[in-house]
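# Observations on the three-dimensional arrangement
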Amino acid sequence: MTSILYSFRRCPYAMRARLAIAAAQTPVHLREVVLRDKPQAFLSASPTATVPCLVTETGPIDESLDIMKWALAQNDPEGWLDMPPEGHDWIARADGPFKDALDRTKYATRYPEENPEAQRDKATAFLEDLDAQLGDWIFDRPTLADYAILPFVRQFAFIDRAWFDAQDWPALRGWLDRFLTSPRFESVMSKYPQWQPDDAPVSFP
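Our subject in this report is the structure included herewith.

The rules behind these values
- Residues numbered from 1 in each chain as written.
- Predicted model: local features only at pLDDT ≥ 70, side-chain atom pairs only at ≥ 80, totals over all residues.
- Heavy atoms only, no water.
- Helix = DSSP H or I, 4+ residues; strand = E, 2+ residues; numbered from the N terminus.
- Buried < 20%, exposed > 50% of the residue type's maximum accessible area, 1.4 Å probe, protein only.
- Core = buried A, V, L, I, M, F, W, Y, C linked by side-chain atoms within 4.5 Å.
- Pairing = 2+ DSSP bridges.
- Contact = heavy atoms within 4.5 Å.
- Axes fitted to C-alpha atoms, helices over the stretch in contact; angles between N-to-C directions.
- Patch = residues over 30% accessible without salt bridge, like charges linked within 9 Å, V, L, I, M, F, W, Y side chains within 5 Å.
- Areas by Shrake-Rupley, 256 points an atom, 1.4 Å probe, with all protein chains shown as cover.
- Salt bridge = Lys/Arg side-chain N within 4 Å of Asp/Glu carboxyl O.
- Lys, Arg positive; Asp, Glu negative; His and termini not counted.
- Charge placed at Lys NZ, Arg CZ, Asp CG, Glu CD.
- Parallel < 35°, antiparallel > 145°, perpendicular 65-115°, else oblique.
- Left-handed = near helix turned anticlockwise from the far one by under 90°.
- Nonpolar A, V, L, I, M, F, W, Y, C, P; charged D, E, K, R; others polar.

## Some remarks on the overall build of the protein chain
Within the protein chain, the secondary structure is distributed over 9 helices and 5 strands. From first element to last, N terminus to C terminus, the protein chain shows the α and β order β-α-β-α-β-β-α-α-α-α-α-α-α-β. Taking the principal axes of its C-alpha atoms as reference, the protein chain extends roughly 50 × 40 × 25 Å. The buried share among the 205 residues of the protein chain stands at 49%.

## Here we look at the nonpolar core
Judged by nonpolar contacts, the single largest core of 56 residues is most densely connected at Leu 130, Ile 149 and Phe 164. At 10 residues, the largest contribution of residues to this core is made by helix α6 (residues 144-157). Counting residues in hydrophobic clusters, the runner-up holds 12 residues, among them Ile 4, Tyr 6, Cys 11 and Cys 53.

## So, the sheet that holds strand β3 (residues 53-56)
Judged by pairing direction, the sheet is mixed, and its 5 strands sit side by side in the order β4-β3-β1-β2-β5 without closing on themselves. The sheet is open, and its two borders are formed by β4 (59-61) and β5 (203-204), each paired with just one other strand. Of the strands in this sheet, β1 (4-7), β2 (28-32) and β5 touch helix α1 (residues 12-24), which is tilted by about 145 degrees from β1. With respect to the sheet, helix α3 (residues 64-74) is in contact with β1, β3 and β4, its orientation differing from that of β3 by roughly 45 degrees.

## With respect to unusual backbone geometry
Residue Pro 52 follows Val 51 across a cis peptide bond; omega there is -5 degrees. For Pro 52, the location among the structural elements is in the loop between α2 (40-45) and β3. Between Phe 204 and Pro 205 the backbone carries a cis peptide bond, its omega angle lying at 0 degrees. Summarising the element assignment, Pro 205 is placed in the segment after β5. The phi angle at Gln 25 is positive, at roughly 55 degrees, despite the residue not being glycine. One can find Gln 25 in the loop between α1 and β2. Exposure remark for Gln 25: the relative accessible area of 54% places this residue in the exposed category. Phi is positive for Ala 49, close to 60 degrees, though the residue is something other than glycine.

## Observations regarding a positive patch on the surface
A surface patch of positive charge is lined by Arg 10, Lys 106, Arg 110 and Lys 191. The residue Lys 106 is located in helix α4 (residues 86-106) in this model. Taking the relative accessible area as the measure of exposure, Lys 106 reaches 36% and is therefore partly exposed.

## Some thoughts on the packing of helix α5 (residues 116-133) against α6
In the contact formed by α5 and α6, the axes pass within 12 Å of each other and the chain directions differ by 135 degrees. Between α5 and α6, the angle is such that the two are oblique. Crossing geometry of α5 relative to α6 is assigned as left-handed. On the side of α5, the interface is formed by Arg 120, Ala 123, Phe 126, Leu 127 and Leu 130, while α6 contributes Ile 149, Val 153 and Phe 156. Per-class residue counts for the contact of α5 with α6 are 7 nonpolar, no polar and 1 charged.

What follows is the structure in structure tokens.
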């Protein structure tokens, strides 16, 4: 069977899953989910009712990083999985403390007990370290770490792009801007209508 990817275009977790599937050139059937109107088929498939969810012949994969690894295990023509062990540490920092601080900055009204300025400072500490690590890429060529983290740096940057661009992060800004203007990013950001159960399958990539 062709695996089914439940996705939401703007979600950074779904974005990184699509990036890996596109890099692997592993075809799936994409189903665009509207988060305020989740279809029953998606709710039945996803243990957590969150996007992305990949339904494979052996069961659902409900974590975006696991979807990335699944796709690249099928085919990894660019060698994304061949990265130094530190790459996993960078991803863990991005998915943990950085994403927590990002959410408390972007969605400050959801966290009234938190100071959004202090949370932005926490996110900034990670980005300063990342800027110091970056050349053109986190390591000497693109790896899983770059494409697992880029969608979240994009999300943070657009909270206040003028503020972001004013920071002394030349390597980080260059890394992000090359991504945002790349054919790869454009290819995974196509707009799809909300999936309906009687729709014909939509092949991705």
